[in-house]
Amino acid sequence: MKMSVDGDEYSETQNPAVLPAVTDLIHKRISNLTTLFLKDVGNNLSFCIKNVEMDLNGAFNFTQNMDFITNCIKKTKGDVTERLCTAAEIKFYFGSIFSKGAKTGYVKVNKNCNLKSWVEGCEPGWGCFADSDQKFELTDGNNMPSRTKDCKPCCEGFFCPRGLACMIPCPLGSYCPVASLNKSTGVCDPYNYQIPPGQSNHTCGTADFWADVGSSSEIFCSPGSYCPNTLNKVSCSEGLLQINYLQSKYIEPEYSRLWSLAFRKWFTNLSLITLLELVMHVTKVALSLLLLIIYNFSDQVISTKERRLAKSREAAAKHVRETAQARERWKAAKDVAKTEGWQAQLTKTFSQAKSQRRPEQQKASGASKSSQPPSKIPEQERKDSKEKKKEPGALTKMLHSLEDDDSKSHEGFDLHTGGENAKKHAPKGKQLHTQSQIFKYAYGQIEKEKAQQNKNLTFSGIISMATDSNIRTRPMIEIHFKDLTLTLKKNNKHLLRCVTGKLSPGRVSAVMGPSGAGKTTFLSALTGKTAAGCAVTGLILVNGKNEPIQAYRKIIGYVPQDDIVHGNLTVEENLRFSARCRLSADLPKPDKVLIIERVIESLGLQPVRYSLVGTVEKRGISGGQKKRVNVGLEMVMEPSLLILDEPTTGLDSSSSQLLLRALRREALEGVNICMVLHQPSYTLFKMFDDLILLAKGGLVAYLGSVKKIEEYFSSIGIDVPDRVNPPDHLIDILEGIEKPTSVTREQLPVIWMLHNGYPVPVDMLDLTEGLSTSSVSNSITSVGAAGGQTFAADMPDDSTSSGSKSKDLSNRKTPGLLRQYRYFLGRVLKQRLREGQMQAVDLMILLLAGACLGTLAKVTDETLDNAGYTYTVIAVSLLSMIAALRSYSLDKLQYKREAEAGISSLAHFLSKDTIDLFNVIIKPVAYLSMFYFFNNPRSSFQDNYIILMCLVYCVTGIAYVFAIAFTPSLAQLWAVLVPVVLTLVANQSKDSMVHQYFGNFCYTKWVLEAFVIANAERYSGVWLITRCKSLESGGYNLHDWSLCLIVLIVNGVIARIVALIVLLTR
């Protein structure tokens, strides 16, 4: 059958058989209109429509249900096509909607509806046929046809805008029935427009307007209902309500109706809410268990490993002690045998053994006789006696085993201590692999040193090992300084003045003086650690050359006055990390373990090696033990120059002597040691080699040997009383408490200058007037004749610069960046595990914030939930920043000490950033597990997670900058202000000056845009204009989701680069 061109065959024939064909024809013409707008929509609305064909099909693909077209064909007398809006009219309508300054709900004036011509079809919900005297095509996008003929209410399923006089299909997801007149209000429900007054034959039509939900909410399917098509609305039961929830999140719009019809009955019996609640409850329980485990058992992983290592170490130490004791007994027996003779000793031993075995043999022989046949006993005994003659005795076996063990032992301890046999057979560190072998080697060496100490040698056995070519030697550092002066630039005040002398390798020097004499300043000037605002003059020579002391920093140890150690690490972990990063990279692991064990043994830290050092909040080891750990951090790196600032402060007498004996051992290996002390005991005082006694103003009152100090001061008329500690008496004089009769305390530095022939400053010449020439000459004669060191003549002649100020002259190759990064990674991981309770609290706060904000900030479809995500950005940014501040705010002093020692700052930074990636991954999960359940946004969990992960990464980098650049209190203030202020800037209108100039520089703008875009992609069908309006008002682009994530990541990377630069330059 041939179909009418105008589609009015049904209206002419009323033949039901042709109705499906006419319906299909009208639907194809509507579909052709949709295809026609693909290019225009793509050009004009590209910011809110990503896939034009898919979005338009989602709104106007009526293939599944064309009942509204069929009903309109039945109702209309004539071709329905003549009542449909042409392409030009549709363009005109949507152009009016999206034009700036357009009045909501009104179409601009056109040829059919204007002040001169206003037909009945121009009223809302009504339309007209095109005039019959003109030809037009629906696809004509340029000319609007005249519409003055046969105006009627629009068909249901269509909307007729006020001022347009034609019909447009209602998009999917809308509800467009014929309105009914509410006589009490005089409006047409549910569209809220009035019929024109004075026209009794004018009735209510259909929908009159389709725009965003804020302007035309009447056309949208009402909350609590489901609209399978534009003609039907179904009130949702509990199950159907959850079907809509499922559709909005997981089901594409074109398939939503099929899902609804297929599963409606099933979800009535088993509600989806039950399933979703079950999943969320399981997730919350799993997170709760994870937090509980982290809170209570995070430290158990480290403790288990430490216990295993402790068992291995104790077993090795026990084995070494038993072996050493057995060898000592064998050595004693061997010495006795040499003196009394082997034969007499062996005869005595065997006679005792035979007398003890005789009764046992008789009993055994009696038993054997009774059990064996008489004829075989004599032959058996003869064979046994021959075999016994061939086998060596028990003592002989023991001797051979001990002698063999001497050559095979890996403990480093030999019976012939220092002999050629030990040197020949001792294993090398590289030959040891297992933990047990390494510990045996280390403790064997320590036992060897103890044995040498018992032979009245040095503690370390350095004398007996002096000829051993396998012993590592340290490079020597000798420091000469001449006229060393440090002055404040602000007021030209001298903190240190005219200090001349030297620090020699293998000697322990003490720097003493009253408070404010510049003792710590002197050490800082020597090591190049002077503060800003100070000017240093004078000459400092290193090994006779004018070279910067910083060129030797890899072999220089500096122990600060404060105990700067990591409180959340154990004693052994602190020492091991320092040794790993600062010892030579090619040094075998067994030798490193030996160094660590030797330091722990010499400092008396064995009982607390597994104890946490402790912090202000958490109690750890005692103050004296912490002071020894502070010193041990520098001893384990085997320095050539060791500077200590008040190492005995807080230590009792025995601990101070223990520390000083350990330092004396270091000095015997050629280490140059200098330390600041406050009035040591007489015993400690006599353990020093040299003394630098400073007076007020940083002037030298004495610099020389400890043995000659009393003789020098006696020569100038200052005698130390009996039973008085010499340093106490001298410091009292320099402080002004004791006043000698011969000289004043101000004259003591001048006497020392005259004594050594140093020039006296001009402003101090008046102090020489009261000095007697004889007293000065006597001091020169007495001390000089006795061979006292004046250090003036020891200044080397070669004081020229070597020209290598930026070159490392320490000749020690420490581990590279990757190895140090690995060491830092292990240390930071241990610290974070021990802070597991704090990490769990952070996650619990995020869970609580997600639940609260998810409950309070409900989804608003008008703004695509922009308000709810605004709260999310502020909360997550603030909580993540404050938590990230702890990465650098708590250990600034530790970092400064490690950086000055030559440990890689880049490895330090990268390790912390790597560990913080755990927070970047887990914190979004913690927040969304609550927020997503209570808020129910349309965007997927995956999209929200990716956005929050990029957000946490970005704000973590910004928090690094605050933590490094500011004090902890200021950093916290910035961390609170920045997210709030930047979020307010991001929420400004896109046309505002603040947003135009600063919006793109705010990370919050990009986060909000990413959230809105992810949410907007889930709005389709009738929500299409709402999506475009919301994106247009915020200045967002649907294609910029990936760009937003990239900008966040780039901001995080830039922030980390800035933080690293600040870290390196501060």
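For every chain, the first residue of its written sequence is number 1, and the numbers climb from 1 along that sequence. Since the coordinates come from a predicted model, pLDDT governs what is reported: local features require at least 70, and pairs of side-chain atoms require 80 or more to be given and counted, while whole-chain, interface and lining totals use all residues. Heavy atoms from the whole structure form the basis of all side-chain values; hydrogens and water molecules are not counted.

## Comments concerning the overall build of the protein
Moving on, step 1. Only runs of H or I of at least four residues qualify as helices and only runs of E of at least two qualify as strands under DSSP, and these elements are numbered from the N terminus. Counting its secondary structure elements, the protein contains 36 helices and 18 strands.
Moving on, step 2. Whether two residues are in contact is decided by their heavy atoms, any of which lying within 4.5 Å being enough. Counting only contacts in the protein whose residues sit at least 6 apart along the sequence, the fraction spanning at least 24 positions is 74%.
Moving on, step 3. Each accessible area is a Shrake-Rupley result for a 1.4 Å probe, and residues are judged covered by the shown protein chains and nothing else. On the protein, roughly 50,400 Å² of surface is accessible, and the fraction owed to carbon and sulfur atoms is 56%.

## Points about the confidence of the model for the protein
Moving on, step 1. Confidence scores per residue from the predictor, reported as pLDDT, run from 0 to 100. Overall, the predicted model of the protein reaches an average pLDDT of 78, with 75% of residues at or above 70.
Moving on, step 2. Here residues 779-793 is a poorly scored stretch, pLDDT under 50, and it has 30 contacts once near neighbours within four places are set aside; other chains count.
Moving on, step 3. Here residues 798-805 scores under 50 on pLDDT; set against residues more than four positions off or in separate chains, the count is 17 contacts.

## A few points about the packing of helix H30 (residues 905-935) against helix H31 (residues 941-965)
Moving on, step 1. Across the interface, H30 lies against H31 with an axial gap of 8 Å and an inter-helix angle of 140°. In terms of orientation, H30 lies oblique with respect to H31. When you trace H30 past H31, the crossing you get is right-handed.
Moving on, step 2. Only Asp, Glu, Lys and Arg are considered charged, only Ala, Val, Leu, Ile, Met, Phe, Trp, Tyr, Cys and Pro nonpolar, and every remaining residue, Gly among them, polar. Looking at the contact of H30 with H31 residue by residue, the class counts come to 16 nonpolar, four polar and three charged. To obtain an axis, a line is fitted to C-alpha atoms, over the contacting stretch when the element is a helix, and the angle between two such axes runs from 0 to 180 degrees between their N-to-C directions. Geometric relationships in this document are graded by angle, where less than 35 degrees denotes roughly parallel, more than 145 denotes roughly antiparallel, 65 to 115 denotes roughly perpendicular, and other angles denote oblique. Handedness of each helix crossing follows the sense of rotation of the near helix against the far helix: counterclockwise by less than a right angle gives left-handed, clockwise gives right-handed.

## A word on the packing of aromatic side chains
Moving on, step 1. Each pair of aromatic rings taken from Phe, Tyr and Trp, with Trp reduced to its six-membered ring, is defined by centres within 6.5 Å and is described as stacked if the planes are under 30 degrees apart, edge-to-face if over 60, and tilted in the remaining cases. By the definition in use, this model includes 30 aromatic pairs.
Moving on, step 2. Ring geometry for Phe68 and Phe158: centres 5.2 Å apart, planes at 55°, overall tilted. One end of the pair, Phe68, is in helix H5 (residues 67-75); the other, Phe158, is in strand S3 (residues 158-159), with 90 residues separating them in the sequence. Grouping residues by exposure puts Phe68 and Phe158 together as buried.
Moving on, step 3. Ring centres of Tyr702 and Phe713 lie 6.1 Å apart, and the angle between their planes is 45°; on these two criteria the pair is classed as tilted. Of this pair, Tyr702 sits in strand S18 (residues 699-705) while Phe713 sits in helix H22 (residues 709-715), and the two are eleven residues apart along the sequence. Across this residue pair, the class does not change: Tyr702 and Phe713 are buried.
Moving on, step 4. Aromatic ring contacts, followed pair by pair, group Phe60, Phe62, Phe68, Tyr93, Phe94, Phe158, Phe159, Phe209 and Trp210 into a single cluster.
Moving on, step 5. Throughout this description, the term charge over a ring refers to an Arg CZ or Lys NZ atom that lies within 6 Å of the ring centre and within 35 degrees of the ring normal. Over the ring of Tyr1019 we find Arg938; its NZ or CZ atom is 4.4 Å from the centre of that ring.
Moving on, step 6. Directly above the aromatic system of Trp1006 lies the positively charged group of Lys1005, at a separation of 3.9 Å from the ring centroid. The classification of residues rests on relative accessible area computed with a 1.4 Å probe and restricted to protein chains. Under 20% of the type maximum is buried, over 50% is exposed, and intermediate values are partly exposed.

## Structural notes on the pattern of salt bridges
Moving on, step 1. The rule for a salt bridge is simple: a side-chain nitrogen of Lys or Arg has to be within 4 Å of a carboxyl oxygen of Asp or Glu. Throughout the structure, instances matching the rule amount to 28 salt bridges.
Moving on, step 2. For Glu573, the salt bridge is made with Lys830, and the minimal N-O distance between the two is 3.6 Å. Here Glu573, found in helix H17 (residues 571-582), pairs with Lys830, found in helix H26 (residues 817-834); they are 257 residues apart in sequence, far enough to count as distant.
Moving on, step 3. Measuring nitrogen to oxygen at the nearest pair gives 3.2 Å for the salt bridge that ties Arg665 to Glu666. Grouping residues by exposure puts Arg665 and Glu666 together as buried.
Moving on, step 4. Here the residues in one salt-bridge network are Glu572, Arg576, Glu597 and Arg609, joined through shared partners.

## What to know about helix H36 (residues 1041-1065)
Moving on, step 1. Over its 25 residues, H36 runs 36 Å from end to end, which matches the ideal 36 Å to within 8%, given 1.5 Å per residue.
Moving on, step 2. Within H36, burial applies to Trp1041, Cys1044, Leu1045, Val1047, Leu1048, Gly1052, Ala1055, Arg1056, Ala1059, Leu1060, Val1062 and Leu1063.
Moving on, step 3. Considering only its buried residues, H36 is in contact with helix H29 (892-900), H30, H31 and helix H34 (1003-1016). Here the expected length of a helix is defined as 1.5 Å per residue gap, with one fewer gap than residues.

## Things to note about the UniProt feature "transmembrane region" (unreviewed entry) in the protein
Moving on, step 1. UniProt records the feature "transmembrane region" (unreviewed entry) at residues 840-857, 869-888, 917-934, 946-966, 973-989 and 1040-1064, using the numbering of this structure.
Moving on, step 2. Secondary structure content for residues 840-857 is 94% helix and 0% strand, and the end C-alpha separation is 25 Å.
Moving on, step 3. Summarising residues 1040-1064: 96% helix, 0% strand, and an end-to-end C-alpha distance of 36 Å. UniProt positions are given in the numbering used here, feature names are shortened, and annotations may be inferred rather than shown by experiment.

## Some words on the environment of Leu641
Moving on, step 1. Its location among the elements puts Leu641 in strand S15 (residues 641-645).
Moving on, step 2. For Leu641, a relative accessible area of 2% corresponds to the buried category.
Moving on, step 3. With residues near it in sequence (within four places) discarded, Leu641 still touches Ile477, Ile479, Ile549, Ile555, Ile556, Gly557, Val671 and Asn672.

## Examining the pairing of strand S12 (residues 508-512)
Moving on, step 1. Buried residues dominate S12, accounting for five of its five residues.
Moving on, step 2. A two-sided burial pattern is seen for S12, the buried positions comprising Val508, Ala510 and Met512 on one face and Ser509 and Val511 on the other.
Moving on, step 3. When DSSP finds two or more bridges between a pair of strands, those strands are recorded as paired. Pairing of S12 with strand S16 (residues 672-676), which is carried by four bridges, proceeds in the parallel orientation. Directly across from Ala510, in S16, lies its bridge partner Met675.
Moving on, step 4. Bridge analysis of S12 against strand S17 (residues 690-695) gives four bridges, and the strand direction is parallel. What sits directly across from Val511, in S17, is Ile692.

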